[in-house]
Amino acid sequence: MPPISKMTWAQAYPARPVRIIVGYPSGGSNDILARLMAQWLSERMGQQFVIENRPGAGSNIATEAVVRADPDGHTLLMVSTANMSNAALYDKLNYNFIRDIAPVAGVMRVPLVMEVNLSIPAKTVPEFIAYAKANPGKINFASGGIGTSIHLSGELFKMMTGVEMQHVPYRGNGPSPTCSAARCR
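Quantities reported herein were computed from a predicted structural model and do not represent experimental measurements.

With that settled, the discussion passes to the sheet that holds strand β1 (residues 18-22). The parallel open sheet is built from three strands, whose spatial order is β2-β1-β3. Looking at the sheet topology across the chains shown, the edges are occupied by β2 (49-53) and β3 (75-78). For this sheet, the mean angle separating the axes of adjacent strands, direction not counted, is 30°. When β1 meets β3, the two strands line up parallel, connected through four bridges. Within β3, the residue paired with Ile20 across the bridge is Leu76. Sheet contacts for helix α1 (residues 29-45): β1, β2 and β3; angle to β2, the most-contacted strand, approximately 160°.

Below, the structure written as structure tokens:
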């Protein structure tokens, strides 16, 4: 009989606190969702799940931090739409998102909604398009940063409708005003 058992036991997970890294500042939708998930996971897993905000570069700073962390499941990334588009938006990244990040769970789907400041005399999308065409370059739209879903959907809206609007990127959705037009100037 061999002196060592052929059976091994898996280590309990998580063995220590888990960091969930968010690529945006606190207060935005990714941060809020991560904090709700961290609380829920902490209660159920018996170990702390801690949020670490690392804003900047369209979430590339956060992604790179996760890629460089030990691949032991104790450093997680709150992925956003920007992570999918960064490979096309940035010429040189220090990681390959598809190769270096493994999906764990889908936690949310977010609808995109068009909001217009009340000072804009438009009540429907066609009215807004007509107003924007009559006032080229005078309307701004805000987003939580370059490459975010709001930025890309705004650019797609411009291409599809032929309107001229100026993109105003903020450092995350938390600091970004919740408007699409005049108040964002």
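This part takes up the pattern of salt bridges. Note that side chains of opposite charge can pair when their charged atoms are close. Under the definition given, this model contains eight salt bridges. The partner of Arg16 in a salt bridge is Asp72, with the nearest N and O atoms 2.5 Å apart. One end of the pair, Arg16, is in the segment before β1; the other, Asp72, is in the loop between α2 (60-68) and β3, with 56 residues separating them in the sequence. The class of Arg16 is partly exposed, set by a relative accessible area of 39%. Judged by its relative accessible area of 30%, Asp72 falls in the partly exposed class. In this structure, Arg35 engages Asp31 in a salt bridge whose closest nitrogen and oxygen atoms are separated by 2.9 Å. With Arg35 and Asp31 both in helix α1 and four residues apart, this pair spans about one turn of that helix. Classification of Asp31 by relative accessible area gives buried; the value is 4%. Look at the salt bridges and you will find they share partners, linking Arg19, Glu52 and Arg54 into a network.

What counts as what
Residues numbered from 1 in each chain as written. Predicted model: local features only at pLDDT ≥ 70, side-chain atom pairs only at ≥ 80, totals over all residues. Heavy atoms only, no water. Pairing = 2+ DSSP bridges. Helix = DSSP H or I, 4+ residues; strand = E, 2+ residues; numbered from the N terminus. Axes fitted to C-alpha atoms, helices over the stretch in contact; angles between N-to-C directions. Contact = heavy atoms within 4.5 Å. Salt bridge = Lys/Arg side-chain N within 4 Å of Asp/Glu carboxyl O. Buried < 20%, exposed > 50% of the residue type's maximum accessible area, 1.4 Å probe, protein only.

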